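# Analysis of the macromolecular model
One letter stands for each residue in the lines below.
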Amino acid sequence: MKHVLIPIAGFARAGKDSLADAIFDYLEEDEPEYSVVIMKFADALKASLQVALDEAGVKVDVFTEDTAKKAELRPLLVAYGEYCRSRNQDVWVDKVIEDVKTWADVTVAGSESKGSVILIPDLRYANEYEKLEALCVRRGWAFVPIYIERQFNLPANNAEAESIGLMAAHGYFRKGNALQVSFADGSVELIQQWARKFTQSMSLYR
């Protein structure tokens, strides 16, 4: 059973989700024998907060796509996530790793798939990179981190500059199978073109 783990890092609005969505769509189209999934650290955080709100009897859908409700929830999500990380920096990556292992060991292993491709488009911290890489080493999976940047796109805040910027500056995306891709603008079409070429080369990792 072959598995490829692809975490994607980059500043806000660099195109991380667009890249992950394009890779997902092309793999679904071109590699139907593989199971493909997108997982996010943000989803693990939201699921945890949802449990707390449900327990308190607060009727809120943390996964809402409503723009106004998302804006209301954002300060709470940020504060909750940062506080949990201050007590245990691995809290969210450990939850995602459990989801990844379950996906590979239960969902994929119990299907007709030849393997899986797991996309994580919100990599932000060095410890997340290191723990995901260690998981792949232990299990013999391919680890293909991608750093995406867009010209003139600056960090959204100091925390983003420190976490993602330092990770890039310290060479995390210049080793192993890691890739760096840069776009002159935020064109989704250019990202999709790159994703198509990337998926056509996926056989290199499997």
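It should be noted that the structure appears before, not after, this text.
Residues numbered from 1 in each chain as written. Predicted model: local features only at pLDDT ≥ 70, side-chain atom pairs only at ≥ 80, totals over all residues. Heavy atoms only, no water.

## What to know about the packing of aromatic side chains
For the coordinates displayed, the defined rule picks out six aromatic pairs. Where Tyr129 meets Phe143, the ring centres are 5.2 Å apart and the plane angle is 90°; that geometry is what we call edge-to-face. Of this pair, Tyr129 sits in helix H5 (residues 126-139) while Phe143 sits in strand S4 (residues 142-143); the two residues are 14 residues apart in sequence, bridging distant segments of the chain. Since its relative accessible area comes to 1%, Tyr129 is described here as buried. The class of Phe143 is buried, set by a relative accessible area of 9%. (Phe/Tyr/Trp six-rings, centres within 6.5 Å; stacked < 30°, edge-to-face > 60°. Helix = DSSP H or I, 4+ residues; strand = E, 2+ residues; numbered from the N terminus. Buried < 20%, exposed > 50% of the residue type's maximum accessible area, 1.4 Å probe, protein only.)

## A few points about helix H4 (residues 91-108)
With 18 residues, H4 should reach 26 Å at 1.5 Å per residue; the first-to-last C-alpha distance of 25 Å fits that figure. At Thr102, H4 is deflected by roughly 25°, the largest bend along its length. Where H4 is concerned, the buried positions are Val91, Trp92, Val93, Val96, Ile97, Val100, Trp103, Ala104 and Val108. Contacts from the buried residues of H4 go to strand S1 (2-9), strand S2 (34-38), helix H2 (41-55), helix H3 (67-87), strand S3 (115-123) and H5. (Expected span 1.5 Å × (residues − 1). Bend = angle between axes of the 7 residues up to and from the residue. Contact = heavy atoms within 4.5 Å.)

## Focus: unusual backbone geometry
The backbone of Arg13 shows a phi angle near 70°, a positive value even though the residue is not glycine. Inspection of the secondary structure assignment puts Arg13 in the loop between S1 and helix H1 (16-30).

## As for the pattern of salt bridges
One pass over the structure, following the stated rule, counts nine salt bridges. We note a salt bridge from Glu98 to Lys101, for which the minimum N-O separation is 3.1 Å. Of this pair, Glu98 and Lys101 both sit in helix H4, separated by three residues, roughly a single helical turn. When its relative accessible area of 43% is taken as the criterion, Glu98 is described as partly exposed. On the basis of relative accessibility, which here comes to 22%, the residue Lys101 falls in the partly exposed class. Residue Glu133 pairs with Lys175 through a salt bridge whose shortest N-O separation is 3.9 Å. Here Glu133 is found in helix H5, whereas its partner Lys175 is found in the loop between helix H6 (158-169) and strand S6 (179-183), with 42 residues between them in sequence. Residues joined in a network through salt bridges with shared partners are Glu29, Asp30 and Arg196. (Salt bridge = Lys/Arg side-chain N within 4 Å of Asp/Glu carboxyl O.)

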